[in-house]
Amino acid sequence: EDQVTQSPEALRLQEGESSSLNCSYTVSGLRGLFWYRQDPGKGPEFLFTLYSAGEEKEKERLKATLTKKESFLHITAPKPEDSATYLCAVHDGGSNYKLTFGKGTLLTVNP
Amino acid sequence: GAGVSQSPSNKVTEKGKDVELRCDPISGHTALYWYRQSLGQGLEFLIYFQGNSAPDKSGLPSDRFSAERTGGSVSTLTIQRTQQEDSAVYLCASSSWGGDEKLFFGSGTQLSVL
């Protein structure tokens, strides 16, 4: 059974304090790893897709990286507006559409 | 519309009642998904529609849950004889072709079963 584990469950940072969120996964054959951002009362919003180990993608203060066992979401010099829950998900080898999600990391950035 | 629209945004019902949740996907998107998000849990896949193909219902938790998609557009998720454990946020998402691509989510329906 596919598993996605995110850590930490919650993270508090001061504005400008860089850090990383972790997503470890177990799948039979990774077809894609996805990062989404979810604000309270909203649905998840797509950030990145990574397909193979060594791949990196960046968007503003966020950079996602992928290894064979885990992905990191690096947040550089975060701002209060980066506060949200960050969700990691994988497509397993048996499906190109069904996503298995982790429970998320709640990030709070204090001014 | 500009995004995925879900209604109602909140629904409070009594145990044993039936409820219907509606999803309007982005125009032109052929793939439509329903997920459930319970407190402290990850999003749980429920059902997937792609064009005129038979839906993948493998995630529906019991036969009290059903969904349909009319005319390849609007979808309705129906829960019969609701139970307290059905309380959750029900999220709908759509995508243009349903493969390895990003999903566009609605804001969800918060269902509370008393």
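Residues numbered from 1 in each chain as written. Chains lettered and ligands numbered in written order. Predicted model: local features only at pLDDT ≥ 70, side-chain atom pairs only at ≥ 80, totals over all residues. Heavy atoms only, no water.

1. Let's talk about the pairing of strand 7 (residues 62-66) of chain A
All names here are of chain A.
Argument step 1. A large share of strand 7 lies buried, amounting to four of its five residues.
Argument step 2. Where strand 6 (residues 56-59) folds back onto strand 7 in an antiparallel hairpin, the turn is made up of two residues, including E60, whose phi is positive at roughly 55°.
Argument step 3. Joining the antiparallel neighbours strand 7 and strand 8 (residues 70-75) is a turn of three residues. (Buried < 20%, exposed > 50% of the residue type's maximum accessible area, 1.4 Å probe, protein only. Helix = DSSP H or I, 4+ residues; strand = E, 2+ residues; numbered from the N terminus. Pairing = 2+ DSSP bridges.)

2. Details of the interface of chain A and chain B
Argument step 1. Contact residues are listed per partner, giving 19 residues for chain A and 21 residues for chain B.
Argument step 2. At the junction of chain A with chain B, the criterion picks out one salt bridge.
Argument step 3. Inspection of the chain A/chain B interface yields six residue pairs in polar contact (both at pLDDT 80 or more).
Argument step 4. Secondary-structure elements contributing two or more residues to the side of chain A that touches chain B are strand 4 (32-38), strand 9 (84-91) and strand 10 (99-101) of chain A.
Argument step 5. Of the residues contributing to the side of chain A that touches chain B, the split by class is nine nonpolar, six polar and four charged. (Contact = heavy atoms within 4.5 Å. Salt bridge = Lys/Arg side-chain N within 4 Å of Asp/Glu carboxyl O. Polar contact = N/O pair within 3.5 Å; in protein donor to acceptor, adjacent residues only side chain to side chain. Nonpolar A, V, L, I, M, F, W, Y, C, P; charged D, E, K, R; others polar.)

3. Details of the environment of L60 of chain B
Residue and element names in this part refer to chain B.
Argument step 1. The residue L60 is located in the loop between strand 5 (43-50) and strand 6 (65-69) in this model.
Argument step 2. Classification of L60 as buried rests on a relative accessible area of 17%.
Argument step 3. Separated by 56 residues in the primary sequence, L60 and V4 have C-alpha atoms spaced 21 Å apart.
Argument step 4. Discounting residues that sit within four places of it in the chain, L60 has contacts with L46, I47, F65 and S66.

4. Points about the sheet that holds strand 3 (residues 19-26) of chain A
Residues and elements named next belong to chain A.
Argument step 1. Ordered by their spatial adjacency, five strands build an open sheet running 1-3-8-7-6, and the pairing between neighbours is antiparallel. Each edge of the open sheet carries a strand with a single partner, namely strand 1 (3-7) and strand 6. Looking at each pair of strands side by side, their axes are set apart by 15° on average, direction ignored.
Argument step 2. Judged from the six bridges that link them, strand 3 and strand 8 form a sheet pairing that is antiparallel. Across the sheet, S20 pairs through a bridge with H74, a residue of strand 8. (Axes fitted to C-alpha atoms, helices over the stretch in contact; angles between N-to-C directions.)

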